[in-house]
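Understanding the architecture of this molecule
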Amino acid sequence: MAGLCEGGNEPPGSLKAKKYAAEIHLRLQRAYGDVCMGASSVRRWVKHFEGGNTNIQDEPRSCRPRTASTKRNNERVDEFWDAFWLNFLNLDRP
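Residues numbered from 1 in each chain as written. Predicted model: local features only at pLDDT ≥ 70, side-chain atom pairs only at ≥ 80, totals over all residues. Heavy atoms only, no water.

An unreviewed UniProt entry lists the chain under the name Mos1 transposase HTH domain-containing protein, with Periplaneta americana as the source organism.

The following block contains the structure:
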């Protein structure tokens, strides 16, 4: 698959690809100002697409959970709020 760099045959992470990412970042900064994504994110996306991957969704990760919402965490949050409201309601009582 042809790459994004001029000529289309530069390997991901090459100096030409890095210069291309810097150019993209500069254009994004001009268009979006301070709310533009960082240069390292642009480099990561350029490398991602240069490798031939056209999927823009996050890939599942095997080494960490996708969420911190576990049964135990949910129980702890519930315990916190129960204690908070119990304490809050008892503040007004003599």
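1. A word on helix α1 (residues 15-32)
Note the cut-off: Elements are defined by DSSP. Helices are runs of H or I of four residues or more, strands are runs of E of two residues or more, and each kind is numbered from the N terminus. Multiplying 1.5 Å by the helix residue count minus one yields the expected span of that helix. Only protein chains enter the accessibility calculation, which uses a 1.4 Å probe; a residue whose area is less than 20% of its type maximum is buried, one above 50% is exposed, and one in between is partly exposed. Throughout, the arc means the angular range of directions from the helix axis out to the C-beta atoms. Contact criterion: two residues are considered in contact whenever any of their non-hydrogen atoms come within 4.5 Å of each other.
Taking 1.5 Å of rise per residue, 18 residues should cover 26 Å, and α1 covers 25 Å from first to last C-alpha, within 8% of that figure. The complete set of buried residues in α1 reads Ala-17, Ala-21 and His-25. Buried residues of α1, seen end-on, are gathered within an arc of 80° and therefore sit on one face of the element. The exposed residues of α1 that point more than 90 degrees off its buried face are Leu-15, Lys-19, Arg-27 and Arg-30. Contacts made by the buried residues of α1 are with α2 (39-50). One or two positions beyond α1, positive phi appears at Gly-33, with a value near 65°.

2. Some details on the layout of surface pockets
Just so we agree on the cut-off: Cavities and pockets were defined on a 1 Å grid built from protein atoms only: a cavity is a group of points that admits a 1.4 Å probe but offers it no way out, a pocket is an open group of points flanked by protein on both sides within 12 Å along at least five of seven lines, and a lining residue is one with an atom within 4 Å of any such point. Grid points are joined across faces, edges and corners, and a volume is the space filled by probe spheres set on the points. Under the scheme applied, nonpolar residues are Ala, Val, Leu, Ile, Met, Phe, Trp, Tyr, Cys and Pro; charged residues are Asp, Glu, Lys and Arg; polar residues are all the others, including Gly.
Its boundaries defined by the atoms lining it, the largest pocket holds a volume of some 200 Å³. Along its surface, the largest pocket is lined by Arg-44, Trp-45, His-48, Asn-55, Gln-57, Asp-58, Glu-59 and Arg-61. Here the residues of the lining of the largest pocket are counted per class, giving one nonpolar, three polar and four charged.

3. Observations regarding α2
With 12 residues, α2 extends 16 Å from end C-alpha to end C-alpha; this agrees with the ideal 16 Å at 1.5 Å per step. Residues of α2 that are buried: Ser-41, Val-42, Val-46 and Glu-50. Viewed along the axis of α2, the buried residues span an arc of 165°, placing them on a single side of the element. For α2, the exposed residues lying more than 90 degrees away from the buried face are Arg-44 and Lys-47. The secondary structure elements touched by the buried residues of α2 are α1. Positive phi appears at Gly-52, one or two residues downstream of α2, with a value of about 95°.

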